[in-house]
Structure formats: C-alpha cells, structure tokens
Amino acid sequence: MSRTEAPPLPEPLRVPVADSHTHLDMQDGTVEEGLARAAAVNVTTVIQVGCDVAGSRWAAETAAAHASVHAAVALHPNEAPRIVHGDPDGRSRQGAREAGGTAALHEALAEIDALAALDHVRGVGETGLDHFRTGPEGMAAQEESFRAHIEIAKRHGKALVIHDREAHADVLRVLADAGAPERTVFHCYSGDADMARICADAGYFMSFAGNVTFKNAQPLRDALAVAPTELVLVETDAPFLTPAPYRGRPNAPYLVPVTLRAMAEVKGLDEDTLAAAIADNTARAFDY
C-alpha cells in the first residue's frame with residue numbers, strides 16, 4: 001500500500017457531522033471533490049482554517065462560495081515570528097522572507113481583523129502558542145499575535161480557535177489574563193485529563209483529531225474520557241494527523257467517521273449519540 005494513496009471511504013455515519021478544522025487548500029483534488037467525498041459519508045460541514053494572510057483570504061473566499069464551508073482566519077503561531085524576524089530558510093509556504101518587524105505584524109493583523117468581520121468567517125484561528133517550532137527569540141511576537149487575535153475574536157463575536165503545541169500552561173495563562181472569548185476551541189486538543197478538567201471548568205471546547213487513535217496516545221484518550229460530551233468536537237486537521245489504521249497517508253474530511261467511531265468507544269457512547277452531540281456542539285461553537 002502506497003503511503004501517498006488516499007485511504008478508502010469509510011462506512012457513512014448515520015447522523016451528519018462537521019469537521020471542525022481542516023485545510024482544504026493543502027489537500028489534493030478540488031474543493032468540490034473534497035466536499036463531495038465528505039458529504040458521501042455524512043460529513044456535511046467543514047471549517048476551513050487559515051494560517052497566514054493569503055490562506056485566510058482563501059478560506060473566506062471558499063466559505064463565501066460553498067454553503068457547507070465556514071472559515072476561520074488567523075496568523076498561525078509560527079507565522080507571527082516569521083513576519084517579525086524574517087524566515088531566511090523559507091520554511092513557510094511563502095518561502096524566504098526578510099524581517100518585517102512589529103510594523104509588518106500589525107499590518108498582517110489588520111488584514112485578519114478585516115476578514116474576521118465577514119459573515120461567513122465564523123472563527124479567528126488558528127492562533128495560540130507553539131513552543132515546539134518557535135524558540136525563545138520568537139516567543140514575544142507569538143504572544144503579542146495571540147493576544148491580538150483574542151481581541152479580534154471578541155470584537156467581532158467570533159469563536160477563537162487555538163493551536164497549542166507544548167505550551168499548555170502559557171496558553172491557559174494568556175486566556176485567563178486577556179479574558180477568553182465567549183466561544184473558545186482547543187483545536188487538535190493535546191493536553192492531558194487534568195488540563196481537560198480545567199478547560200471544561202472554563203467552558204472551552206476540545207476538538208479531537210486523528211491522533212486520538214494512535215497507539216501512544218493514551219493520555220489523549222484519558223482526556224477525551226473526562227471531557228464533557230457537550231464540549232467535544234471532532235476534526236481532521238487534514239492533510240495531517242490521519243487516523244489509524246491509515247496513519248501517514250493523506251488525510252481529508254471524509255475520514256472524520258474513523259476518528260468519531262474511535263472517540264465513541266472511548267466515551268462509551270454509540271456513534272449516533274456522539275455524532276448528534278458533536279454536530280450540535282460544532283454549530284454552537286462556530287455560531288452557524
């Protein structure tokens with residue numbers, strides 16, 4: 001089996017659900033093909049997430065063109081330091097870049113703010129903190145950007161979509177200090193059960209991706225087990241984090257049922273009950 005070959009379509013869900021976080025612009029095939037495959041297994045709504053100004057514009061345009069797509073717009077936590085300090089290695093999709101300083105960051109944030117005002121943009125994200133890819137020199141830019149996104153989300157009454165990689169304590173600190181928006185989503189939830197209890201007390205949504213199915217992910221399953229069902233979402237983060245048994249192959253929204261079935265097992269719920277709850281939760285989180 002080729003690592004590049006798309007996994008087969010799973011058995012369709014009986015209850016329609018939403019993929020709360022995907023990147024259609026990074027997947028093979030057209031948007032229409034991706035949405036059709038998803039709809040064939042009853043994944044009837046997707047949240048298309050931007051990671052930079054260009055990607056956020058694309059997300060907004062795609063949501064405007066497709067009733068089943070809602071957009072979230074933001075500068076990814078790793079994008080902010082690149083804007084400020086430059087990206088000589090060209091690691092981002094824009095390639096190598098000169099340092100733009102805080103003026104360039106503020107300019108990019110103003111673009112995100114304008115996009116967040118659009119009706120078909122339902123979220124501000126993915127934003128947050130990433131201590132895995134960004135070293136100490138980029139932390140200040142990352143936190144400034146995160147705080148700005150929190151304000152943008154609150155100003156426009158949109159959901160805040162959080163990317164938290166190896167930065168749990170700092171993300172929770174900034175949210176508590178700045179005051180989280182009314183609806184806050186931890187995308188690709190990566191904390192443990194103790195953090196899940198903290199998120200639950202704060203009313204934060206926790207969105208679980210395909211990595212909840214990985215063999216080494218028992219702490220994630222423990223977190224899912226204690227997360228209140230009314231705060232749980234499902235996502236692909238496609239093309240990344242393809243669920244087992246297809247790990248390492250291309251991910252897409254049509255694989256949501258694989259993850260959802262694994263989640264139902266962890267929660268001790270039948271898949272229809274969990275799917276109905278997740279559909280309701282996603283609509284509440286993103287206010288559609």
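Up top you'll find the structure we're talking about.
Notes on the structure in this doc start here. As the structure is a computational prediction, the values presented were derived from the model and not from experiment.

1. What about the overall build of the protein?
- Each helix and strand in the protein was counted, giving ten helices and eight strands.
- Compactness check: the protein gives a C-alpha radius of gyration of 18 Å against a globular reference of 19 Å for 288 residues, within 12% of the reference.
- Dimensions of the protein along its principal axes, counting C-alpha atoms only, are 50 × 40 × 35 Å.
- Counting only residues that meet the buried cut, the protein has 55% of its 288 residues in that class.
- Taking the contacts inside the protein whose residues are at least 6 apart along the sequence as the reference set, 72% of them involve residues at least 24 apart.
- By element, 53% of the accessible surface of the protein is carried by carbon and sulfur atoms, the whole surface being about 11,700 Å².
- For the protein, the separation between the mean place of its 25 positive charges and that of its 41 negative charges on side chains is 3 Å.

2. As for the sheet that holds strand β8 (residues 232-234)
- Reading across the sheet, the eight strands line up as β1-β2-β3-β4-β5-β6-β7-β8 and stay open at both edges, with parallel pairing between neighbours. Where the open sheet ends on each side, the last strands, each with one partner, are β1 (17-22) and β8. For this sheet, the mean inter-axis angle between neighbouring strands, taken without regard to orientation, is 30°.
- Two strands pair when backbone bridges link them, and strand β4 (residues 121-130) and strand β5 (residues 159-165) are joined in this way by six bridges, in the parallel orientation. Residue pairing across strands places G123 opposite A159, the latter belonging to β5.

3. Details of the packing of aromatic side chains
- Using the criterion set out here, one finds two aromatic pairs in the structure.
- Between F186 and Y204 the ring centres are 5.7 Å apart and the planes differ by 35°, which places this aromatic pair in the tilted class. Placement of the pair is F186 in strand β6 (residues 184-186) and Y204 in the loop between α7 (193-202) and β7 (205-208), with a sequence separation of 18 residues. In this pair, the class of F186 matches that of Y204, namely buried.
- Where Y189 meets F208, the ring centres are 5.4 Å apart and the plane angle is 45°; that geometry is what we call tilted. Here Y189, found in the loop between β6 and α7, pairs with F208, found in strand β7; they are 19 residues apart in sequence, far enough to count as distant.
- Exposure remark for Y189: the relative accessible area of 1% places this residue in the buried category.
- Of the residues examined, F208 reaches a relative accessible area of 0% and is grouped as buried.
- One residue, R165, lies across the ring of F132, its end atom 3.7 Å from the ring centre.

So, how was this worked out
Residues numbered from 1 in each chain as written. Predicted model: local features only at pLDDT ≥ 70, side-chain atom pairs only at ≥ 80, totals over all residues. Heavy atoms only, no water. Helix = DSSP H or I, 4+ residues; strand = E, 2+ residues; numbered from the N terminus. Rg over C-alpha atoms; globule rule 2.2 N^0.38 Å. Buried < 20%, exposed > 50% of the residue type's maximum accessible area, 1.4 Å probe, protein only. Contact = heavy atoms within 4.5 Å. Areas by Shrake-Rupley, 256 points an atom, 1.4 Å probe, with all protein chains shown as cover. Lys, Arg positive; Asp, Glu negative; His and termini not counted. Charge placed at Lys NZ, Arg CZ, Asp CG, Glu CD. Pairing = 2+ DSSP bridges. Axes fitted to C-alpha atoms, helices over the stretch in contact; angles between N-to-C directions. Phe/Tyr/Trp six-rings, centres within 6.5 Å; stacked < 30°, edge-to-face > 60°. Lys NZ or Arg CZ within 6 Å of the ring centre and 35° of its normal.

The quantities given are spatial measurements derived from coordinates; they are silent on function.
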